[in-house]
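As a plain string of letters, each chain reads:
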Amino acid sequence: MRQLTLAATMAAALALASCGEDKFRVEGSIGSAEDSLLYFEQMTLQGPVALDSVRLGADGGFSFSAARSDAPEFYRLRIAGQIVNLAADSTETITVRADYPTMATGYEVEGSDDNRRIRELALMQIALQQKALALTRNTALGQQEAADSIRALLKAHKDRVTRDYIFKDPKAPSSYFALFQALGNTLIFNPGGADGDIRVFAAVATAWDTFYPGSLRGENLHNIAIEGMKNERIIEAKSSASVDPAKVTTTGIIDISLTDNHGRRRSLSELKGQVVLLDFHLFALKDSPQRILMLRELYNKYHGRGLEIYQVSVDGDEHFWKQQTAQLPWISVRDADGVGSQRLATYNVTGLPEYFLIDRGNNLVSRSSQMPDLEKAIEALL
């Protein structure tokens, strides 16, 4: 009995230790805030949820902990209306130091590069809000002039955030955070607008689909991107008599529709029911012939069981591309925008060649870095 009790005690201790290893900590100090109530809140998809709180002492010290999730999750420290936004995706310790009067703008964060980027984004948003407010209060500007100035200001902000943050690392928590920043009560990046913002949502959604499959935030973002792409196609359809808006559908992937080497329009979404290897390729690369041989072997082996290859070339020379693809048995399309293509950015393609696997339901499953054995990955989906 003593041995069983000892074993149970040791097992319990190991379980507690294991739980401890799966937690992250947020600690630090908030000066000039003695007797203030500091809240530690999780920013769920339904809104903020208080996880813990502490009444600060003279030194302003605090320490909170929470369970680590499998995907990045978002939190905030709050005293009244002063907020510090944070993200956690590991068992790290995040240290925050600030003074209460300037807590939202003057805080410092250590232990997380991504939280430093979130701080930069938060300060940029505050600066944008102040500049926009100043324009609306400038009596020397007419209403239209003020509106045009705000639009220009907003575009410059979005261009910078897209270039320097989101497209640099779409899977990062800071990229997700950037998507949902607002100017007043309006999202800076509007997934339902006509400014092409949905491409930015799609880039992050694709990265989260790949790196955090099954996460609630990733699935929610994926649905936003899909719905936004549908709305965008409807807007385009309404401006073209050749397309029926009623035929615009949604799928589980960010669709690509391009002309193939036989002059036919081919879309990823039309391949539902098949396992698809989506391959981004540059035939001008030195290693292209060897890669094409490898793809031929895969195609010959698995096409009869339901595998299709949808290959997107970004070669600049159309004639050269047609020569290279004339004898290929799979779907070969070309993106005329080349290596600067928005489609590469949408799928977070930072190097060529790159490939993804899509299941029979038209859902993106994984990318090259997640498939050490491509044949096994294909077999599993077939």
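Residues numbered from 1 in each chain as written. Predicted model: local features only at pLDDT ≥ 70, side-chain atom pairs only at ≥ 80, totals over all residues. Heavy atoms only, no water.

1. Some details on the nonpolar core
In terms of nonpolar packing, the biggest core is built from 49 residues, with Leu268, Leu278, Phe280, Tyr310 and Tyr347 touching the most fellow members. Examining the composition of this core, we find that 7 residues originate from one element, helix H6 (residues 198-211), more than from any other. Among residues more than four places away in sequence, those in contact with Phe280 are Ile256, Val312, Leu344, Tyr347, Val349, Leu352, Pro353, Glu354 and Phe356. The next biggest cluster of nonpolar side chains, apart from the first, holds 22 residues, and it includes Leu56, Tyr75, Ile79 and Ala98. (Core = buried A, V, L, I, M, F, W, Y, C linked by side-chain atoms within 4.5 Å. Buried < 20%, exposed > 50% of the residue type's maximum accessible area, 1.4 Å probe, protein only. Helix = DSSP H or I, 4+ residues; strand = E, 2+ residues; numbered from the N terminus. Contact = heavy atoms within 4.5 Å.)

2. Focus: the sheet that holds strand E5 (residues 73-79)
Strands sit in the order E3-E2-E5-E6 across an open sheet of 4 strands; the sheet is antiparallel. If you trace the sheet from one side to the other, it starts and ends with strand E3 (47-55) and strand E6 (82-88), each paired once. Between one strand axis and the next, the sheet turns by 25° as a mean value, whatever way the strands run. Where strand E2 (residues 37-44) meets E5, 4 bridges bridge the pair, whose relative direction is antiparallel. Paired with Glu41 across the bridge in E5 is Arg76. (Pairing = 2+ DSSP bridges. Axes fitted to C-alpha atoms, helices over the stretch in contact; angles between N-to-C directions.)

3. A word on the side chain of Arg78
Along the chain, the position of Arg78 falls in strand E5. Within the local environment of Arg78, its side chain forms a polar contact with the backbone oxygen of Ala80, the two atoms lying 3.1 Å apart. In this structure, Arg78 is in contact with Leu37, Leu38, Tyr39, Glu41, Ile83 and Met103, ignoring residues within four places of it in sequence. (Polar contact = N/O pair within 3.5 Å; in protein donor to acceptor, adjacent residues only side chain to side chain.)

4. Looking at helix H4 (residues 143-166)
Over its 24 residues, H4 extends 32 Å from the first C-alpha to the last, a length consistent with the 34 Å expected when each residue adds 1.5 Å. Considered for burial, the residues of H4 that qualify are Ala146, Ile150, His157, Lys158, Val161, Thr162, Tyr165 and Ile166. Contacts made by the buried residues of H4 are with helix H3 (113-137), helix H5 (173-179) and H6. (Expected span 1.5 Å × (residues − 1).)

5. Some thoughts on unusual backbone geometry
Cis geometry marks the peptide bond from Leu352 to Pro353, where omega comes out at -5°. Positive phi is not limited to glycine here, since Asn348 has a value of about 55°. Topologically, Asn348 is positioned in the loop between helix H10 (342-346) and strand E16 (354-358). Owing to a relative accessible area of 13%, Asn348 belongs among the buried residues under this scheme. A positive phi angle, near 70°, is found at Asn362, a position not held by glycine. Residue classification places Asn362 among the buried residues on the basis of a relative accessible area of 1%.

6. A closer look at the sheet that holds strand E1 (residues 23-31)
Here 4 strands make up an open sheet; going across it, the order is E4-E1-E7-E8 and the pairing mixed. Looking along the sheet, the strands with just one partner apiece sit at the ends: strand E4 (61-67) and strand E8 (108-110). Going across the sheet, the axis of each strand differs from the next one's by a mean of 15°, ignoring polarity. Here 3 bridges tie strand E7 (residues 93-99) to E8, and the two strands are oriented antiparallel to one another. Looking across to E8, one finds that Thr95 is bridged to Glu110. In this fold H3 packs onto E7 and E8, with an angle of close to 160° to the strand it touches most, E8.

7. Regarding the pattern of salt bridges
Applying the stated criterion across every chain, the model contains 21 salt bridges. A salt bridge links Glu73 to Arg217; the shortest N-O distance between them is 2.5 Å. Of this pair, Glu73 sits in strand E5 while Arg217 is found in helix H7 (residues 216-238), placing the two residues 144 residues apart along the sequence. Per residue, the accessibility class of Glu73 equals that of Arg217, and both read buried. A salt bridge links Arg305 to Glu379; its shortest N-O distance comes to 3.2 Å. Of the two residues, Arg305 is situated in the loop between helix H8 (288-302) and strand E14 (307-313) and Glu379 in helix H11 (residues 374-381); the sequence distance between them amounts to 74 residues. Judged by relative accessible area, which is 34%, Glu379 ranks as partly exposed. Overlapping salt bridges, with partners in common, bring together Glu41, Arg76 and Arg78 in one network. (Salt bridge = Lys/Arg side-chain N within 4 Å of Asp/Glu carboxyl O.)

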